[in-house]
Structure formats: structure tokens, C-alpha cells
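Next come the chains, spelled out residue by residue.
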Amino acid sequence: MSEDNDFRRGMGFAFRVGTELVVSVFVGTTMGYALDWFFGTKPWFMVAGLILGGAAGSLMVYKVAMHLPSGEDEDGER
Amino acid sequence: MESPLHHFELHPLVEINFLGLDLSINKAILAMWAGMAIVFFLFKAAGRKEGSLIPGKLQSVLEVSLEFIRGMVEEFIGKEEGKKYFSFIATVFFFILASNLIGLVPGSYTITSQLVVTGAFAICIFIMTLVIGFTRHGGHFFSILVPPGVPKIMVPLMVPIEIISMIARPISLSVRLFANMTAGHTVLAVLFGLAMSASLALGWMPFAFTIVINGLEIAIAFIQAYIFTTLTCVYIGDVINLH
Amino acid sequence: MPQFEQVGVFSSLIFWSLVSFAILFILLKKYAFPPILEALEERESKIRTDISSAEQLREEGQKLKVELEAELKKAHEKANTIVQLAHDEAKKNQEKLLQETQSKIKQMQLEAENEIKGSRNKLFSEIRGYAAELTVASAEKFLKKRLDDKASQDLINESIDEVIQSMEQSAN
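We now turn to the structure provided with this report. All of these numbers come straight from a predicted model, not from anything done at the bench.

### Here's the deal with the side chain of R176(B)
Then step 1. Mapping R176(B) onto the fold places it in helix α5 (residues 155-197).
Then step 2. We classify R176(B) as buried; its relative accessible area is 1%.
Then step 3. Other than its neighbours up to four places away in sequence, R176(B) contacts F15(A), R16(A), T19(A), E20(A), Q224(B), I227(B) and L231(B).

Structure below.
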């Protein structure tokens, strides 16, 4: 905890965003797969789930990145 | 050479069977208890000094960490609301940190490298956030599925996306911690196995690497505990403040 | 991976970790955190009061300083006026002295001039007296000698006549 605040935030951001993106896609796809299995509409829900999962992951990354205090890149823009 | 994953296997030390459930105590649980005991006695020792306003070394370290957690809670949950959850968040942090660190002692075990454990914690936190959300906001809580400022046409698209990201939260929370701990320990085990099996002339090289990786692992133990705790704060804060 | 294959230990791991976490949570919340948080709070409040009292002291010091400065300024002014006064006095004295001296000198000059004038007049009058006496004496002698002549006797008669004539004229 004696690490620099920015460094810690950056590390947290990096570790967080990577898994969040993958897991979102994975969850979307799995949910689509489950719905397909339930309704018997083989690939369609899974495809939709894949896309939605990707969207969810990107949205999450976007939100987290917007929350990150940008010190270097653009002055004070949040 | 045995599998580098071999040391993740657990064998019961004390067999306990309760209502058909196997609740045997094994190495992982003992290591976890050791970590917990260290945490508890550190805090006990730090808090013992009465009357003096100048903190000792240990006390100031723990105070800085508590202050840091308090800042985190205040940032993500809120100043007044955060007080209720401070103890819980701090316990999460120190529990995970102690579990991560105790696993770096050779021969012990990291309980956070078990996906079922991290998953159980993540699901408990997830359920907790749902309970908090529903008790605070009632039916209005469902509006968390619709982000503010989204046009009406987009709502059918946003709801599944938000559901996916809600469900992804506990999974990513648990998988991240599990994966980082497992990976680090596997690398350490492989290097250590190499150091043991190679001749003395070459054996020092992987051994030196082991030390370097160990240092890295300590940093990762802190970072992962920090991330798990931060995200717990964020999730609780999200359901309390609803956008 | 044993973490996925060893299904048998899952129940005990989940159970014990959750139970242990709960126990740790209760223990820390009850016994460990409060004294440390209290100490933190206490220190924080102490620091806050210390800072505020220091601020107050500083302000007081500032006020005192301003007052002292004002007093010092006043004293300075007073000293200045005193010096000025003394200076004025001295100047006045000097001027007076100068004036007195000048007037004295003037008077002395005047006196000396008067004296000089007086002595000159006296000298002139003496000289005039001598000159008159001399003239009278010489004229007497001259006249005595001339009156013996005939022509002069005639001239005198004539002038006496003239005088009588003019007296007669004026008597008319």
C-alpha cells in the first residue's frame, strides 16, 4: 500500500478490465447457449448472446475508463 | 517430475462428516486459519496501546491501511453509508490479503487459488448487493438495468446487456483472483521443481528466479486483494446510489 | 487441474472459508477495529484542534505585531516631532541671536558714523572760526591802512550817501 496511487489505480484498471471483457463475452455466450438449449433454437440465442456479451464487456471497459482520473492524457477530462 | 499442479491437491487431515457433508479440515483451511490468526493478532497488538497519541510502527502501518480502506469506501459507497460497510470491506481486504500472502510461505496453501472459495465469496457479495438493493429501493431497484440517458428504443437492447454485465461481475471477481493466484503459484512450483531437479551447477538459476517471482507474487497478492476489495465497494456502491 | 477435479473437498472448503470469514469479521469488528479507529479519530481531532489553535495563536500574534508596529510608529513620530521642535527652537534662537548681533553692529556703526560726523563738524566749525578771525583781523588791518587815502574817504562818503538816500527812499 506504499505504492504510488496512480500506479495502483493503473494496475487495478489493467487487471480489472482484462477479465471483465472476457468474462462478459463468456457469460453472454453461455446464457445464449442455455436459452438455445431451452427453446431448441440452436445457434441464434448464442450468437446474440456473444454479441451482447461483447457489448456488455466494452460498455464496462468504457465506464471504468471514464471513471479513471485522467492525469496525463487530456487535462481534467473525465 | 511430478505435475506442477500437484501441490494444489488437498488431502483431509481431520475427517469430519456432518449430515453427509464432508467438512474435513485440510491444509488449505489450516493455512487460512493461520493467516486469519496473524491478521487478528496484528490488529490486537496494534490496538493495545492506550492513551498514547503517537502510534508505533505496526500501528501506523495498520492505521494507514485502514485509512486507505476508509478512503476507498467513502469514494465508492459514500461518506455516511460507507461507515456501515467499513468493517465488512476491511475484513474482506485483510482476509484475502492474508490468504494470498500465507500461500507464498513454502509448503503452505493459498485458499484463494480454489475457484470454489473465491466463487463462494463473490456469490455471497453478489447476493448481498442484491439484498441491499432491494431493501433500499424496492421495485425501483430494477432501474439499475437501464442506465440513465438511454433512449427508449435502446432499452430492450440495454436490459440484456446490463443483465449480462451484472452476472459477469461475480464471475469476473472470482475468476480474476483465482486465476492470478493459481498462475503465480504454478509458476513458482515449476521453477522450484526445476531448481530441485537440476544439478547444483545449474540449479541456482531457477532458484534465483523463484526469489524474483516471489517478490512479484507479493505485489500481486496486494494488488489482487486491492482489486477484489475495490470491486466489492464499487458493486455495493452501485446498488446503494443507483447510478 | 485439481481445483476443478477434486470435487470432494469443495464442500469443506466453502463451508470453512465462509464460516472462518464470518468469525474473522465478527472478531475484527468487535475487538480489533474499534480501538484503532478510535485512536485514528482521536488523533485526527487532536490534529484538527492543534491546527486551529495554532491558527488562532498566529492570528493573535499578527494582531499583536500590528499593534506593536503602530505603537512603534507613533513613538517614532513623537520623537520626530520632538527633534523638529528642538530644531525649530534652535533655529529661532540662532536667528534671534543673529538679529541681535546684527542690530548691535548696526547701532555701533551708526554711533561711530555719528561720532565721526560730530567730530568733523566740530573741526569744520573750528576751522571756520579760525578762518573768520583771520579774515576779520586781516580785513581790519587792510581797512586801517586804506582809510587814510583821500579817494577812499570819498568813496566812503559816497556810499554813506547812498545808504542815506536809500533809507530816505524807503522811509517815503
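### Focus on the interface of chain B and chain C
Then step 1. Each partner contributes residues to the interface: chain B has 47 residues there, and chain C has 36 residues.
Then step 2. On the surface where chain B and chain C come into contact, there are 1 salt bridge.
Then step 3. Of all elements in the fold, only β3 (21-22), β4 (25-26), α1 (27-47), α2 (57-76), α3 (79-102), α4 (115-137) and α5 of chain B reach the threshold of two or more residues within the side of chain B that touches chain C.
Then step 4. With 11 residues, α1(B) is the largest single contributor of residues to the side of chain B that touches chain C.
Then step 5. Within the side of chain B that touches chain C, the residues separate by chemical class into 32 nonpolar, 9 polar and 6 charged.

### So, the interface of chain A and chain B
Then step 1. Across the contact, 23 residues belong to chain A and 27 residues belong to chain B.
Then step 2. Each partner contributes to the roughly 2200 Å² buried at the junction of chain A and chain B, and carbon and sulfur atoms together form 77% of this total.
Then step 3. The interface formed by chain A and chain B holds 2 salt bridges in total.
Then step 4. E20(A) is the salt-bridge partner of R176(B), the closest N and O atoms lying 3.1 Å from each other.

### Some details on the packing of aromatic side chains
Then step 1. Summed over all chains, the structure comprises 13 aromatic pairs over all chains.
Then step 2. Where W33(B) meets W16(C), the ring centres are 5.5 Å apart and the plane angle is 85°; that geometry is what we call edge-to-face. Here the residue W33(B) occupies a position in helix α1, and W16(C) occupies one in helix α2 (residues 10-146), the pair thus bridging two chains.
Then step 3. Their ring planes at 50° and their centres at 5.2 Å tell us that F95(B) and F121(B) sit as a pair that is tilted. With F95(B) in helix α3 and F121(B) in helix α4, the pair connects residues that are 26 residues apart, well separated along the chain.
Then step 4. On the accessibility criterion, F121(B) (9% relative accessible area) is buried.
Then step 5. In textbook terms, an aromatic cluster arises when at least three aromatic residues are bridged by ring pairs, as seen for F88(B), F95(B), F121(B), F21(C) and F25(C).

### Topic: the side chain of S20(C)
Then step 1. Within the element layout of this structure, S20(C) appears in helix α2.
Then step 2. Not counting residues up to four positions away in its chain, the partners in contact with S20(C) are M32(B), W33(B) and M36(B).

### Description of the pattern of salt bridges
Then step 1. Counted according to the given criterion, the structure contains 8 salt bridges over all chains.
Then step 2. Across the pair K63(A) and E162(B) runs a salt bridge whose closest N-O atoms are separated by 3.5 Å. One end of the pair, K63(A), is in helix α2 (residues 44-67); the other, E162(B), is in helix α5, on a second chain.
Then step 3. Given a relative accessible area of 41%, K63(A) falls into the partly exposed group.
Then step 4. Residue classification places E162(B) among the buried positions, given a relative accessible area of 7%.
Then step 5. Here R169(B) makes a salt bridge to D238(B), at a shortest N to O gap of 2.6 Å. Remark: D238(B) occurs in helix α6 (residues 200-241) and R169(B) occurs in helix α5; sequence separation between them is 69 residues.

Quick notes on the rules
- Residues numbered from 1 in each chain as written.
- Chains lettered and ligands numbered in written order.
- Predicted model: local features only at pLDDT ≥ 70, side-chain atom pairs only at ≥ 80, totals over all residues.
- Heavy atoms only, no water.
- Helix = DSSP H or I, 4+ residues; strand = E, 2+ residues; numbered from the N terminus.
- Buried < 20%, exposed > 50% of the residue type's maximum accessible area, 1.4 Å probe, protein only.
- Contact = heavy atoms within 4.5 Å.
- Salt bridge = Lys/Arg side-chain N within 4 Å of Asp/Glu carboxyl O.
- Nonpolar A, V, L, I, M, F, W, Y, C, P; charged D, E, K, R; others polar.
- Buried area = accessible area lost by both parts, 1.4 Å probe.
- Phe/Tyr/Trp six-rings, centres within 6.5 Å; stacked < 30°, edge-to-face > 60°.

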